[in-house]
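Residue-level listing of the chains:
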Amino acid sequence: MTAPQLADGPAAFLTGLYISFWLPGLVLGAALAIKLPSIVKLWRDPLLRAVGGVLLLACAVFVFAAPGTIAWTNRVTGVPNIAAPWVYSLITALSASWLLLVVHWRNGHTDRREQTRRATRWVVSVYTAVVVALWVLFALADVPVEQIRDLDTYYATTPFMREEILLYLTVHTAACLITARLIWTWIRTEGLDGWLRWGLRFLTVGYVTNLLFSAAKFTAITARWTGHDLDWLNTNIAPSAACVGATMVATGVIVPHAGQYFHGRWLIRRRCQSLKPLARLLRTVTGRREPLALWAAPEIRLIRRETYIRDALLQLSRRLDEDLRRRAHDTALALGAAPGRAQALAAAVTILEAVETGRHATDGDDTTAFDTTYLLQEIHAVSEALRSPDEITAVRGRATVPAESMSTHEYCVFPGDDAPQTPGRKAGRRG
């Protein structure tokens, strides 16, 4: 920013704050690169095609609307200002893609397919007709003087070109208003995924900012009609608003997909980490560590750890004492644990006892076969229980006390028991 610019007033100052078109172009290009593998792989998905259309058209708009590209287009074709209808057409197509994205995103359910198809045909038909009209109007207009940055205000009073400028701005504004209205209605719906709601918020900001683009353009053109000069709104505020708006729209498209993806990865890593105590405990059973997979995907590492733990538990099952598990379960309930937590603590105590003592279950009236169904299904709950050594110690200390060493007054009624214990019953066993 130079001193003369500051002295010249707000117009020169705002021109110095001009946002390059290449910045949102890079953001949009990165978003398209992230989504491209999914779009190619699932090309038949209309929602993914709509996402790809929005990102591709937005990239094209900012590439071809850059002043350097406009000058290059005019020079290569040899037609002054031919970049104008081309950029206007891209903006119109982008506006249509916004509507199509929201239509497919919101109504992409089985019971709304016919409604989605009708809306798609309507949007494509109307905006295709607008693009044709833009080229017809340009062919009829007389625009011999090349304008790189301020064409809209320079030709604001030129027949046919005036109508062309108003036409593309009108359909752009209409698309922004309709899309913002649909999103505003949708965002207030209960039960939306949190990431989707955040994506819709970014989209709302983006479309409101695009309305600022249209408002700045309309204001500058109206000022020309009334003999005033507000061209700085057209040459600075409108492009900057378009850059910010496009970046917000790209963010709104990416956030739900990227957020759900990374959240899913985080949950998988968390589940894998939660199994570490149980996997470490069972090393003595298998005599080896679990398979190392540093470069494997998180899902593969989780599957390998789960498989390792279940295989070890099956080896250990013949050494697990079902009577001890029952006593530990009742003890955990008596100590105030919730039913689900009590089951996990009881299983953890039983596994610890078998691993540390190496005791084999004996045949007889006091022991029954151990049911491994719960263990194999709830390995995460059991592993989490192992992270609470104080609880494990309390339950294990009372559950492993031999029944014969307990005095008569120690046989108490635990919550849920139907009858008092007797010296002939083991503590914690239900009749």
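Structure: see above.
Read on for a plain summary of the structure. This is a predicted model, so every value here is computed, not measured.

## Section: the overall build of the protein chain
Right, so step 1: Counting its secondary structure elements, the protein chain contains 19 helices and 0 strands.
Right, so step 2: Look at the contacts in the protein chain between residues 6 or more apart in sequence, and 74% of them connect residues 24 or more apart.
Right, so step 3: Total accessible area on the protein chain stands at roughly 22200 Å², and carbon and sulfur atoms take up 62% of it.

## Some words on the packing of helix α7 (residues 113-140) against helix α9 (residues 161-187)
Right, so step 1: With their axes 8 Å apart at the nearest point, α7 and α9 run at an angle of 160 degrees to one another. One finds that α7 runs roughly antiparallel with respect to α9. Handedness of the α7/α9 crossing: left-handed. For the pair α7 and α9, contact is made by Tyr127, Val130, Ala133, Leu134, Leu137 and Phe138 and by Met161, Glu163, Glu164, Leu167, Tyr168, Val171 and Ala175, respectively.
Right, so step 2: For the contact of α7 with α9, the residue count by class is 11 nonpolar, no polar and 2 charged.

## Let's talk about the pattern of salt bridges
Right, so step 1: The final tally for this structure, using the stated rule, is 12 salt bridges.
Right, so step 2: The partner of Asp231 in a salt bridge is Arg224, and the shortest N-O contact between them spans 2.7 Å.
Right, so step 3: Salt bridges here are not isolated pairs; linked through shared partners, they connect Arg271, Glu306 and Arg310.

## Some points on a nonpolar patch on the surface
Right, so step 1: On the surface, a nonpolar cluster with roughly 350 Å² of combined accessible area is contributed by Val132, Val136, Leu140 and Phe160.
Right, so step 2: Looking at the secondary structure, you find Val136 in helix α7.

## Structural notes on the environment of Asp45
Right, so step 1: The topology assignment puts Asp45 in the loop between α3 (22-41) and α4 (46-64).
Right, so step 2: Since its relative accessible area comes to 32%, Asp45 is described here as partly exposed.
Right, so step 3: Once the C-alpha coordinates of Asp45 and His104 are considered, the two residues, 59 residues apart in sequence, prove to be 9.7 Å apart.

## Overview of the packing of aromatic side chains
Right, so step 1: A full pass over the atoms with the stated rule returns 6 aromatic pairs.
Right, so step 2: Taking 5.6 Å as the distance between ring centres and 90 degrees as the angle between the ring planes, the aromatic pair formed by Phe64 and Trp86 counts as edge-to-face. Placement of Phe64 in helix α4 and of Trp86 in helix α6 (residues 83-107) is noted, with a sequence separation of 22 residues between them.
Right, so step 3: When its relative accessible area of 25% is taken as the criterion, Phe64 is described as partly exposed.
Right, so step 4: The exposure class of Trp86 is partly exposed, given its relative accessible area of 34%.
Right, so step 5: Ring plane angle 80 degrees and centroid distance 5.2 Å describe the contact between Tyr261 and Phe262, whose orientation is recorded as edge-to-face.
Right, so step 6: Exposure remark for Tyr261: the relative accessible area of 44% places this residue in the partly exposed category.

## As for the packing of helix α11 (residues 231-274) against helix α14 (residues 298-316)
Right, so step 1: One way to put it is that α11 packs onto α14 with a least axis distance of 9 Å and a crossing angle of 25 degrees. For the element pair α11 / α14, the angle class is roughly parallel. For the pair α11 and α14, the crossing hand works out as left-handed. Between α11 and α14, the residues in contact are Arg265, Ile268, Arg269, Arg271, Cys272 and Gln273 and Pro298, Glu299, Arg301, Leu302, Arg305 and Glu306, respectively.
Right, so step 2: Looking at side-chain class alone, the contact of α11 with α14 contains 4 nonpolar, 1 polar and 7 charged residues.

## Structural notes on helix α19 (residues 389-399)
Right, so step 1: Those residues of α19 that fall on the buried side of the exposure criterion are Ile392, Val395, Arg396 and Ala399. For α19, the angular spread of the buried residues around the axis is 95 degrees, confining them to a single face. α19 presents Asp390 and Thr393 as exposed residues on the side facing more than 90 degrees away from its buried surface.
Right, so step 2: Looking at the buried side of α19, the elements it contacts are α15 (322-334), α16 (339-357) and α18 (379-385).

## Observations regarding the side chain of Thr153
Right, so step 1: Examined against the element boundaries, Thr153 turns out to sit in helix α8 (residues 151-154).
Right, so step 2: Not counting residues within four places of it along the chain, the set of residues in contact with Thr153 comprises Ala220, Ile221, Arg224, Asp231 and Asn234.

Definitions and limits used
- Residues numbered from 1 in each chain as written.
- Predicted model: local features only at pLDDT ≥ 70, side-chain atom pairs only at ≥ 80, totals over all residues.
- Heavy atoms only, no water.
- Helix = DSSP H or I, 4+ residues; strand = E, 2+ residues; numbered from the N terminus.
- Contact = heavy atoms within 4.5 Å.
- Areas by Shrake-Rupley, 256 points an atom, 1.4 Å probe, with all protein chains shown as cover.
- Axes fitted to C-alpha atoms, helices over the stretch in contact; angles between N-to-C directions.
- Parallel < 35°, antiparallel > 145°, perpendicular 65-115°, else oblique.
- Left-handed = near helix turned anticlockwise from the far one by under 90°.
- Nonpolar A, V, L, I, M, F, W, Y, C, P; charged D, E, K, R; others polar.
- Salt bridge = Lys/Arg side-chain N within 4 Å of Asp/Glu carboxyl O.
- Patch = residues over 30% accessible without salt bridge, like charges linked within 9 Å, V, L, I, M, F, W, Y side chains within 5 Å.
- Buried < 20%, exposed > 50% of the residue type's maximum accessible area, 1.4 Å probe, protein only.
- Phe/Tyr/Trp six-rings, centres within 6.5 Å; stacked < 30°, edge-to-face > 60°.
- Arc of directions from axis to C-beta.

Honestly, it's all geometry; don't read function into it.
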